[in-house]
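Descriptive analysis of the structure
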Amino acid sequence: MRIILIGPPGAGKGTQCQRLVELLKVPHLSTGEMLRAAVRAGTPEGLQAARSMEQGQLVPDPLIVGMVTRRLEAGDCRNGCLLDGFPRTLHQAEILDDLLERRAMSVDGVIELAVPRDELVRRMLARKRADDDPAIFSRRITSFEEQTAPLLEYYGRQEKLACIDGLGTADEIFGRVKAAVKRFERSRSVR
Ligand code: ADP
């Protein structure tokens, strides 16, 4: 299975990703983690990415696409993967479809973890990390919404989108994630 998990900052995506990779037995491709590793290692890509990341901006498409392509071509991704953080924009989704198609692969399903903004803010305030400034957090949610709305529409048109309620316990939410995966399996077998 090749699945994409999309959710705003603070939605609990990390927890669900962890459980989902265990269930599917596929590698977890988190672009945020890949980029942070490149920054730590001081690679040319890391140095280039660091500038955008520090300013809270997306890194240039050629950089992120290059990284993801190399990762998707690795042997452990042959039978699938869980994409987390990519694609983030409509343009990235189109590039991904194109590069998968050329390798006779495709996206099986997209899970949107939906959490209302006031709940995200409430969670952030409860967590209160030093880098959690409410105004900055609010801006991150807004840019997430602006970037991902066209992306969600795109996968909706392809009938690959499952929007799931991100409110409840981690177990309850994972139950909904598993149900979405079952639906993807069924539609894959008729596609
Ligand atoms: P966040 O939820 O804080 O955005 P991530 O760990 O997903 O966290 O990403 C951290 C940073 O890495 C982003 O702010 C962005 O600069 C960069 N990044 C991650 N994924 C992408 C992507 N698909 N396209 C461009 N930049 C990305």
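Computed from a prediction, not measured in an experiment: that's the story for all the values here. (Residues numbered from 1 in each chain as written. Predicted model: local features only at pLDDT ≥ 70, side-chain atom pairs only at ≥ 80, totals over all residues. Heavy atoms only, no water.)

Focus on the site of the ligand
By nearness alone, 14 residues border the ligand, and T31, Q57, G85, R88 and Q92 come closest of all. The separation between a nitrogen atom of the ligand and a polar side-chain atom of T31 is 2.9 Å. Taking 540 Å² as the accessible area of the ligand by itself, protein coverage stands at 81%. Ranked by the residues each element gives to the shell around the ligand, the list is headed by helix α2 (residues 31-41), at 4 residues. Taken together, the residues of the shell around the ligand break down into 6 nonpolar, 5 polar and 3 charged. (Near = heavy atom within 4 Å. Polar contact = N/O pair within 3.5 Å; in protein donor to acceptor, adjacent residues only side chain to side chain. Areas by Shrake-Rupley, 256 points an atom, 1.4 Å probe, with all protein chains shown as cover. Helix = DSSP H or I, 4+ residues; strand = E, 2+ residues; numbered from the N terminus. Nonpolar A, V, L, I, M, F, W, Y, C, P; charged D, E, K, R; others polar.)

Examining the pairing of strand β4 (residues 109-114)
Across the 6 residues that make up β4, a large majority, 5, are buried. Taken together, the 4 bridges between strand β1 (residues 2-6) and β4 define a ladder with parallel strand orientation. The residue of β4 that forms the bridge with I6 is E112. Where β4 and strand β5 (residues 161-165) come together, 5 bridges link them in parallel fashion. (Buried < 20%, exposed > 50% of the residue type's maximum accessible area, 1.4 Å probe, protein only. Pairing = 2+ DSSP bridges.)

Nothing here speaks to function; it is all geometry.
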